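# Survey of secondary and tertiary structure
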Amino acid sequence: MNIPIPELLSPAGDFEKLTMAVRYGADAVYLSGREFGMRAAAAGFSNEQLQKGIRFAHENGVKVYVTCNTLPREEEIARLPEYLSFLQEARADGLIIADLGVLALAAKYAPNVKRHVSTQLGVVNSATAKYLYEQGADTVVLAREVSLEEVRAIREHTPKKLRLEAFVHGAMCVSFSGRCLLSNYLSGRDANRGRCAQPCRWKYHLVEETRPGEYFEITEDNGTFILNSNDLRMIEHLQEMTDAGIDSLKIEGRMKSAYYTAVVTNAYRHALDEIKSGAKPDPLWVEETEKVSHRPYSTGFYYGYPGQHYGSASYTQSADVAAIVESCDEQGNALLTQRNRIFTGDMLELMNPETKPIAFRADRLTDENGNEIPDTRHPMMRFRMKLPIFVPQYTIIRKPRTPNSNS
């Protein structure tokens with residue numbers, strides 16, 4: 001059985017994250033150059049890095065979509081034609097665009113590159129989607145606020161050649177489609193230009209005008225983080241998303257770690273492949289999403305109101321990346337690079353794209369030269385360890401957290 005499934009689109013905030021997304025099963029990645037992307041805090045890819053990254057992805061059969069989704073000001077718009085032409089020469093597969101002027105410029109200066117309309121434009125109905133298709137859009141990234149029922153209706157009333165993309169996992173924004181003004185007002189950092197300070201995650205108090213300096217917590221039953229949203233997780237509903245007609249499933253998280261990219265991409269890849277084969281996804285892949293940093297999960301707006309996490313802005317996760325495999329022989333003798341400290345006797349878990357996670361014990365550790373060591377105490381040190389099976393490069397070794405170690 002070979003059931004059609006959507007594209008899996010993963011974040012690539014830097015080259016390490018790009019590598020993990022590709023190695024762990026993404027069909028496509030999205031990333032940013034140094035300008036015009038919505039994540040100013042991320043360094044982004046230089047033009048040379050973009051060319052290298054696109055070549056690497058294409059060599060592995062993965063598409064690359066480049067974000068051009070800020071709202072450029074007049075002095076910036078003059079620089080866009082040259083950049084758009086460069087992206088076409090670099091063979092980018094798609095441009096993610098939030099501005100109608102940029103959409104028109106992309107059609108003129110990068111006509112061979114597919115044009116994707118960003119979620120920032122807030123598409124919630126078929127009339128807008130059809131108009132954007134008529135203006136040259138290949139893909140519309142639907143607003144995060146649409147329900148699954150609305151997705152089905154939009155699919156029914158739009159051209160079949162128009163691809164519909166929707167978020168499937170990651171952080172949610174309290175503002176409609178991420179178009180926040182609160183950050184600009186409170187911190188001077190414009191969320192619509194990629195500089196969001198995330199004031200929705202702050203802890204707020206009330207001050208009564210006749211009692212300056214006296215701060216009252218907004219507690220009652222719910223806590224004080226009144227704007228804090230839950231994270232999105234739809235891995236248990238992939239069949240419904242597929243049936244609704246979604247063509248591309250987008251994982252949020254260009255600012256998150258390479259470990260996050262690998263684990264979440266891997267979980268959704270396996271779940272989608274099991275659906276493709278006609279099987280029901282293994283609950284194991286849901287458990288995998290607990291092992292990365294996250295807030296309480298919800299199904300977003302797909303089945304109604306997603307709820308909020310009022311009590312705290314902190315994250316939880318049930319495991320940490322401990323090491324990355326550099327090389328491994330057929331007997332499982334591996335050279336690794338440390339990410340978190342490992343002690344002899346620790347229970348660890350091996351995660352790679354080829355198998356389900358495998359638990360094992362670190363019975364013996366040696367330094368790079370084969371000298372036995374009690375632990376991997378130096379950050380990023382190279383060391384050797386016997387693994388239970390042969391694994392490819394970029395396999396992740398992780399260490400489960402104890403129940404009281406979550407922050």
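This report concerns the structure included in the present document.

### A look at the pattern of salt bridges
One pass over the full model with this rule turns up 22 salt bridges. Where D346 meets K399, a salt bridge forms, and the shortest distance between an N and an O atom there is 2.9 Å. Pair noted here: D346 is in the loop between strand 14 (333-338) and strand 15 (347-351) and K399 is in strand 20 (residues 396-400), with a separation of 53 residues, a long-range link. Owing to a relative accessible area of 15%, D346 belongs among the buried residues under this scheme. Each of the salt bridges in this network shares a partner with another, and the network as a whole consists of E288, K291, E349 and R398.

### Quick look at the packing of helix 1 (residues 15-23) against helix 10 (residues 258-276)
Helix-helix packing: each pair is described by the crossing angle between the helix axes and the interaxial distance. The contact between helix 1 and helix 10 brings their axes to 8 Å, and the two run at 15°. Relative to helix 10, the element helix 1 lies roughly parallel. Two packed elements cross with a definite hand, and for helix 1 against helix 10 that hand is right-handed. Contacts between helix 1 and helix 10 involve E16, K17, M20 and A21 from the former and A258, T261, A262 and T265 from the latter. Residue composition of the contact of helix 1 with helix 10, by class: four nonpolar, two polar and two charged.

### Regarding the side chain of D375
Its place among the elements puts D375 in the loop between strand 18 (372-373) and strand 19 (382-386). One polar contact links D375 to R341, side chain to side chain, over a distance of 3.3 Å. A distance of 2.9 Å separates the side chain of D375 from the side chain of R377, its partner in a polar contact. What D375 contacts, discounting residues up to four positions off in sequence, is R341, I342, F343 and L365.

### Brief notes about helix 4 (residues 80-89)
Residues of helix 4 that are buried: L80, P81, Y83, L84, F86 and L87. Considering only its buried residues, helix 4 is in contact with helix 2 (47-59), strand 3 (63-68), helix 3 (74-77), strand 4 (94-97) and helix 5 (100-109). Looking at the residues trailing helix 4, positive phi occurs at R91, about 70°.

What counts and what doesn't
- Residues numbered from 1 in each chain as written.
- Predicted model: local features only at pLDDT ≥ 70, side-chain atom pairs only at ≥ 80, totals over all residues.
- Heavy atoms only, no water.
- Salt bridge = Lys/Arg side-chain N within 4 Å of Asp/Glu carboxyl O.
- Helix = DSSP H or I, 4+ residues; strand = E, 2+ residues; numbered from the N terminus.
- Buried < 20%, exposed > 50% of the residue type's maximum accessible area, 1.4 Å probe, protein only.
- Axes fitted to C-alpha atoms, helices over the stretch in contact; angles between N-to-C directions.
- Parallel < 35°, antiparallel > 145°, perpendicular 65-115°, else oblique.
- Left-handed = near helix turned anticlockwise from the far one by under 90°.
- Contact = heavy atoms within 4.5 Å.
- Nonpolar A, V, L, I, M, F, W, Y, C, P; charged D, E, K, R; others polar.
- Polar contact = N/O pair within 3.5 Å; in protein donor to acceptor, adjacent residues only side chain to side chain.

Keep in mind that these numbers describe shape and distance, not what the molecule does.
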